[in-house]
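If you want the building blocks of each chain, they are given just below.
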Amino acid sequence: MTRTTHPDLESYRLDLFVDEDEVLRSVMPEATAAGVPGISVSADAGKVLHLLARAVNARRILEFGALAGYSGIWLARALPPGGRLISLEVEEKHADLTRRNFERAGVADRAEVRLGPALETMASVEPEGPFDLAFIDADKENYPGYLDFSLRHVRDGGLIIADNANGHGHAHEVLEPGDGRRGIQTYNRRVAEDPRLVSHILPVGGWLAVSVVGRREG
Ligand code: SAH
Ligand code: MG
């Protein structure tokens, strides 16, 4: 029989590379105990976000949808001194929890939450751009609107990333009009076809659609 060091390949991969500290480990269990839905990115996806932010030397990051700050902490910890993360959140309870978790995670000096519907508050962050990375993870029907904003305010060579690109497992289906997940389908098609972007989906967690801004010809 073959001897193994880990129960399976997946735990081998995650144990080696996904390093959650005490704060990250406690954010979602505490949030769900307080009645917040358990819909953050996975630790696996959090590490991918952190890695991608480091890869583009992100100094300014814009997040759509904070929840309890889980993904925000992974992203903020990729920032250099003087870097900035702004996270847009519509629910006051989520915004408060995120602020508290940014404190606990030691990133409150560089990470802030702005309360309100992101389609409205995003205008207020314009002067703080251009951004190196936009992470889209708020209400799914408005993904195309968040993409339009990100295309205008993410620098050349920066990244636009969207979570839940698999449409909660339904992105390949013909969906009813009014189904919010159609926003994700529109988003995926647009980033796949936009000549200003090089895009692909990383099938981690609920899938991350990753787009690099600025296509080179030839
Ligand atoms: N990025 C988080 C999860 C976000 S869940 C993480 O991975 O840790 C989606 C969040 O978007 C929820 O907190 C929800 O309240 C927020 N949201 C929903 N509609 C919104 C809107 N119109 N504007 C801003 N935030 C919104
Ligand atoms: Mg998500």
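Let me sum up the structure you'll find in this document. (Residues numbered from 1 in each chain as written. Chains lettered and ligands numbered in written order. Predicted model: local features only at pLDDT ≥ 70, side-chain atom pairs only at ≥ 80, totals over all residues. Heavy atoms only, no water.)

Take the site of ligand 1 next. Among the 22 residues in the neighbourhood of ligand 1, the closest are listed as Val41, Glu89, His94, Ala118 and Asp137. The separation between an oxygen atom of ligand 1 and a polar main-chain atom of Val41 is 2.8 Å. The protein chains hide 89% of the 590 Å² of surface that ligand 1 would expose on its own. A molecule is said to occupy a pocket when more than half its atoms come within 2 Å of that pocket's grid points, and by this definition ligand 1 occupies the largest pocket. For the shell around ligand 1, the secondary structure elements donating two or more residues are helix H4 (70-76) and strand E2 (84-89). Counted by class, the shell around ligand 1 contains 12 nonpolar, 5 polar and 5 charged residues. (Near = heavy atom within 4 Å. Polar contact = N/O pair within 3.5 Å; in protein donor to acceptor, adjacent residues only side chain to side chain. Areas by Shrake-Rupley, 256 points an atom, 1.4 Å probe, with all protein chains shown as cover. 1 Å grid on protein atoms, 1.4 Å probe; cavity = no way out; pocket = protein on both sides within 12 Å on 5 of 7 lines; lining within 4 Å. Sits in = over half its atoms within 2 Å of the grid points. Helix = DSSP H or I, 4+ residues; strand = E, 2+ residues; numbered from the N terminus. Nonpolar A, V, L, I, M, F, W, Y, C, P; charged D, E, K, R; others polar.)

In this structure, Asp137 (OD), Asp163 (OD) and Asn164 (OD1) serve as the protein donors to the magnesium ion (ligand 2), at separations of 2.0 to 2.1 Å. All donors to the magnesium ion (ligand 2) come from one chain, and their sequence spacing reads D-x25-D-N. The buried category is assigned to Asp163, whose relative accessible area is 5%. According to the relative accessible area criterion, Asn164 is buried, its value standing at 13%. (Donors = N, O, S within 2.8 Å, 3.2 Å for Na, K, Ca; no water. Buried < 20%, exposed > 50% of the residue type's maximum accessible area, 1.4 Å probe, protein only.)

Before going further, it helps to examine the pairing of strand E5 (residues 154-162). The pairing of strand E4 (residues 131-136) with E5 spans 5 bridges and is classified as parallel. By the bridge assignment for E5, Ala134 is matched with Ile160. Handedness of the crossover is the feature at issue here: the chain leaves E4, passes through helix H7 (residues 143-153), returns alongside E5, and the resulting connection is right-handed. (Pairing = 2+ DSSP bridges. Right-handed = clockwise from strand over helix to strand, strands pointing away.)

What follows deals with the sheet that holds E4. Taken in spatial order, the 7 strands line up as E3-E2-E1-E4-E5-E7-E6 in an open sheet, and their pairing is mixed. Either end of the sheet is taken by a strand with one partner, and the two such strands are strand E3 (111-115) and strand E6 (197-202). Along the sheet, successive strands turn relative to each other by an average axial angle of 15°, direction set aside. (Axes fitted to C-alpha atoms, helices over the stretch in contact; angles between N-to-C directions.)

Below, the discussion takes up the pattern of salt bridges. As enumerated under the stated definition, the model contains 17 salt bridges in all. With a shortest N-O distance of 3.0 Å, Glu112 and Arg114 are connected by a salt bridge. Judged by its relative accessible area of 19%, Arg114 falls in the buried class. Across the pair Arg181 and Asp179 runs a salt bridge whose closest N-O atoms are separated by 2.8 Å. Judged by its relative accessible area of 21%, Asp179 is partly exposed. Each of the salt bridges in this network shares a partner with another, and the network as a whole consists of Arg84, Glu112, Arg114 and Glu128. (Salt bridge = Lys/Arg side-chain N within 4 Å of Asp/Glu carboxyl O.)

Turning our eyes to something else, we now look at the pairing of E6. With 6 bridges connecting them, E6 and strand E7 (residues 208-213) associate as antiparallel partners. Opposite Val198, over in E7, you have Val212 as the bridge partner. Hairpin connection from E6 to E7: 5 residues lie between these consecutive antiparallel strands, with Gly205 at a positive phi of about 55°.

So, about the layout of surface pockets. Size it by volume and the largest pocket reaches roughly 430 Å³. Lining the largest pocket are 25 residues; nearest its centre among them are Ile39, Gly65, Asp137, Ala138 and Asp139. At the level of elements, H4 and E2 are the ones that each hand at least two residues to the lining of the largest pocket. Of the residues that constitute the lining of the largest pocket, the class distribution is 12 nonpolar, 8 polar and 5 charged. When its volume is computed, the second largest pocket comes out at roughly 170 Å³. Residue lining of the second largest pocket: Ala165, Asn166, Ala171, His172, Gln185, Thr186, Asn188, Arg189, Ile201 and Trp207, and that is the complete set. Looking at the lining of the second largest pocket, the element that brings in the most residues is helix H8 (residues 181-193), giving 4 residues. Along the lines of polarity and charge, the residues of the lining of the second largest pocket split into 4 nonpolar, 5 polar and 1 charged. (Points joined across faces, edges and corners; volume = space filled by probe spheres on them.)

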